[in-house]
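Now for the letters of each chain:
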Amino acid sequence: MAQLPPMAVNEAELLQKLELLALTPQAPEANLAYIAPTTQAELLAARAAHPQAQVVAGATDVGLWVTKQHRQLAQVLDVTRAAELRRIDDTPEHIAIGAAVTLTEAFARLTAQWPSLAEFAHRFAGLPVRNSGTLGGNVANGSPIGDSMPLLIALRAQVVLASQARGERALPLEALYTGYRQNVMAPDELLVRIVVPKPSPTESEPPPGRPKAASAPTGGSDDTPVRSVGANILQAYKISKRFDDDISAVCLVLNLDTADGTVQRASIGAGGVAATPVRAQQTEAALQGQPWTEATVQQAMRVLQAEFSPISDMRASGDYRRTVLGNLLQRFWLESLGGAPASIAQLQATHLESAL
Ligand SMILES: Cc1cc2nc3c(=O)[nH]c(=O)nc-3n(C[C@H](O)[C@H](O)[C@H](O)COP(=O)(O)OP(=O)(O)OC[C@H]3O[C@@H](n4cnc5c(N)ncnc54)[C@H](O)[C@@H]3O)c2cc1C
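Residues numbered from 1 in each chain as written. Predicted model: local features only at pLDDT ≥ 70, side-chain atom pairs only at ≥ 80, totals over all residues. Heavy atoms only, no water.

Engineer: Explain the site of the ligand to me, please; I cannot follow it from the model alone.
Structural biologist: Val55, Ala57, Thr60, Asp61 and Thr134 are the nearest of the 31 residues found near the ligand. The separation between an oxygen atom of the ligand and a polar main-chain atom of Val62 is 2.8 Å. For the ligand, an oxygen atom lies 2.8 Å from a polar atom in the side chain of Lys238. Here the ligand loses 88% of its free accessible area of 990 Å² to cover by the protein chains. Every element with two or more residues in the shell around the ligand is listed here: strand S2 (54-56), helix H3 (62-67), helix H7 (135-141) and strand S10 (189-197). When residues of the shell around the ligand are assigned to their parent elements, the largest contribution, 4 residues, is made by H7. (Near = heavy atom within 4 Å. Polar contact = N/O pair within 3.5 Å; in protein donor to acceptor, adjacent residues only side chain to side chain. Areas by Shrake-Rupley, 256 points an atom, 1.4 Å probe, with all protein chains shown as cover. Helix = DSSP H or I, 4+ residues; strand = E, 2+ residues; numbered from the N terminus.)

Here is the structure:
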């Protein structure tokens, strides 16, 4: 550090910028350095008036562009004061999460609906980032290793984009992305909410690792389907080097509906395997309509491993990612047989016990 040239800080200019941050109500067209509208309508008007402004939510991604890359943001449009974007609307059919709802709040609501997500929710960043980062920021940022998108894809979520001129449009989350950190949002558009459909009344969340409405599973061998009537199984897996506060090397979320031992519907979201978060369509097709047996799972593992060509980088090699993808599907299968989920927390507890 001592060898780097000193950074010149113009304190007077900085002070002036800070003073401008005072949260007084502003007209959407006012050309201020920091704009923070309090309603969705004003926010969209400001977006239309200032399409070049940097949109910011919790700034846990954008903040790093400033602190690490020393980018200067001439104008910032803060979405987090708009009341509609901070709301969670719960109806019998869906959970609609405003784009500026924090990750903590969003995951708390999703975990209340799907308790098996508790550990995954805890693995997203650390508490300070979850408390200021937003669900909309994670989705809009579109990182291929972002954690909420594989989950939202598996849950068949829709994103709602809005502009002042054309109103709202909804699309499946995976259709938002067109390439590495590229998306279909127009310069006057914003992500306003994420809509997650709730399971129909016949489906509901089983205890972790156990299919709902299944009496004790009876099958599991190559040809005997696991006996389950109307079961829904949802598991989200994050593989990273550190347990806490680390970015995924691979993320896989599997959401399976079975009836009488046959896969009725499979919905699979994956991260860390392509330039964008993706739906594993070929693997879904390999599972759909098949008996939920080890033979089906083995076949689907081969499809999943061939479906993507993950890159090698500092987090993992492509080969490792491909192997792990298949292994996670196998783990999902084993957990669906009704055994206790193989969690790191459990392994640590067992180690601790044996050490004492
Ligand atoms: C220490 C640390 C750990 C992290 N760990 C994880 C992790 O485990 N998993 C993970 O997925 N991510 C992780 N992240 C990344 C980051 O926290 C998330 O991507 C977070 O959800 C971003 O949300 P934000 O509100 O802070 O977005 P911001 O940084 O404010 O914005 C991110 C991008 O989204 C755009 N944007 C924001 N809101 C909208 C909107 N409503 N409409 C249109 N565009 C919008 C912004 O213009 C910007 O391009 C981590 C970051 C840090 C610093």
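Engineer: Help me understand the pairing of strand S13 (residues 262-271) in this model?
Structural biologist: Along any regular strand the residues' side chains alternate between the sheet's two faces. Buried residues dominate S13, accounting for 7 of its 10 residues. One ladder, built from 9 bridges, connects strand S12 (residues 250-259) with S13; its direction is antiparallel. Its bridge partner lying in S13, Leu256 is registered against Ala266. Pairing between S13 and strand S14 (residues 278-279): 2 bridges, direction antiparallel. (Buried < 20%, exposed > 50% of the residue type's maximum accessible area, 1.4 Å probe, protein only. Pairing = 2+ DSSP bridges.)

Engineer: Got a minute to help me understand the sheet that holds S2 in this structure?
Structural biologist: Backbone hydrogen bonds are what pair the strands of a sheet, in a parallel or an antiparallel way. Read from one edge to the other, the open sheet built from 3 strands follows the order S1-S3-S2, with strand pairing classed as parallel. Since the sheet does not close on itself, it has two edges, and those belong to strand S1 (34-35) and S2, each with one partner. One ladder, built from 2 bridges, connects S1 with strand S3 (residues 76-78); its direction is parallel. Across the sheet, Ile35 pairs through a bridge with Leu77, a residue of S3. Running at roughly 165 degrees to S3, helix H2 (residues 40-49) makes contact with S1, S2 and S3 of the sheet. (Contact = heavy atoms within 4.5 Å. Axes fitted to C-alpha atoms, helices over the stretch in contact; angles between N-to-C directions.)

Engineer: Honestly, the nonpolar core in this entry has me stumped. Any pointers?
Structural biologist: Grouped together as the largest cluster of nonpolar side chains are 52 residues, with contacts concentrated most on Val139 and Ile194. With 6 residues, S10 is the single largest residue contributor to this core. When near neighbours in sequence (up to four residues on either side) are disregarded, Val139 contacts Ser148, Met149, Leu152, Val159, Leu173, Leu176, Tyr177, Leu191 and Ile194. Membership of the second largest hydrophobic core comes to 27 residues, among which are Ile233, Leu256, Leu325 and Trp333. (Core = buried A, V, L, I, M, F, W, Y, C linked by side-chain atoms within 4.5 Å.)

Engineer: I'm lost on helix H10 (residues 294-307) in this one. Help?
Structural biologist: Each turn of an α-helix holds 3.6 residues, which means side chains three or four residues apart point in the same direction. For H10, spanning 14 residues, the distance from its first C-alpha to its last is 20 Å, which sits close to the expected 20 Å at 1.5 Å a residue. Buried within H10 are the following residues: Thr296, Val297, Ala300, Met301, Val303, Leu304 and Glu307. (Expected span 1.5 Å × (residues − 1).)

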